[in-house]
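# Report on the structure
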Amino acid sequence: MSTTALATIQRIIAEALMIPADSIHADDQIANLKNIDSLSFEMIIVGIETETSSKIDPVDLMPLQTVGDLTVLLEKLTQPQ
């Protein structure tokens, strides 16, 4: 996982949850993030879609558990097809 992708995910999460980006770590559980709820999670997903100009298949969201998983998803979406 690249540090650039992680920084992008941290920024997206920080904006959605209104928390400092430096308080978000790759091994943090998404469900345990401060201020997380279904609406803020959707804001994070929309942020990733906007960042990558891609749509995320809802099936790809099911296994996500950590911030690192979101980072891997971002990397997957930014790779050339």
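Cut-off values and rules
Residues numbered from 1 in each chain as written. Predicted model: local features only at pLDDT ≥ 70, side-chain atom pairs only at ≥ 80, totals over all residues. Heavy atoms only, no water. Helix = DSSP H or I, 4+ residues; strand = E, 2+ residues; numbered from the N terminus. Buried < 20%, exposed > 50% of the residue type's maximum accessible area, 1.4 Å probe, protein only. Lys, Arg positive; Asp, Glu negative; His and termini not counted. Salt bridge = Lys/Arg side-chain N within 4 Å of Asp/Glu carboxyl O. Polar contact = N/O pair within 3.5 Å; in protein donor to acceptor, adjacent residues only side chain to side chain. Contact = heavy atoms within 4.5 Å.

Glancing now at the side chain of Asp 28. Mapped onto the secondary structure, Asp 28 falls in the loop between helix H1 (3-17) and helix H2 (38-52). It turns out Asp 28 is buried and unbridged, and the closest side chain with the opposite charge, Lys 34, is 13 Å from it. Of note is the side chain of Asp 28, whose polar atom sits 2.8 Å from the backbone nitrogen of His 25. Not counting chain neighbours up to four residues away, the residues in contact with Asp 28 comprise Ser 23, Leu 33, Gln 65, Thr 66 and Val 67.

This brings us to unusual backbone geometry. With phi around 55 degrees, Met 18 is a residue other than glycine that occupies positive phi space. Take Met 18: it is sitting in the loop between H1 and H2. If you check the backbone angles, Asn 35 has positive phi at about 75 degrees while not being a glycine. Tracing the sequence through the fold places Asn 35 in the loop between H1 and H2.

Fair warning: the whole summary comes from geometry, so function is off the table for now.
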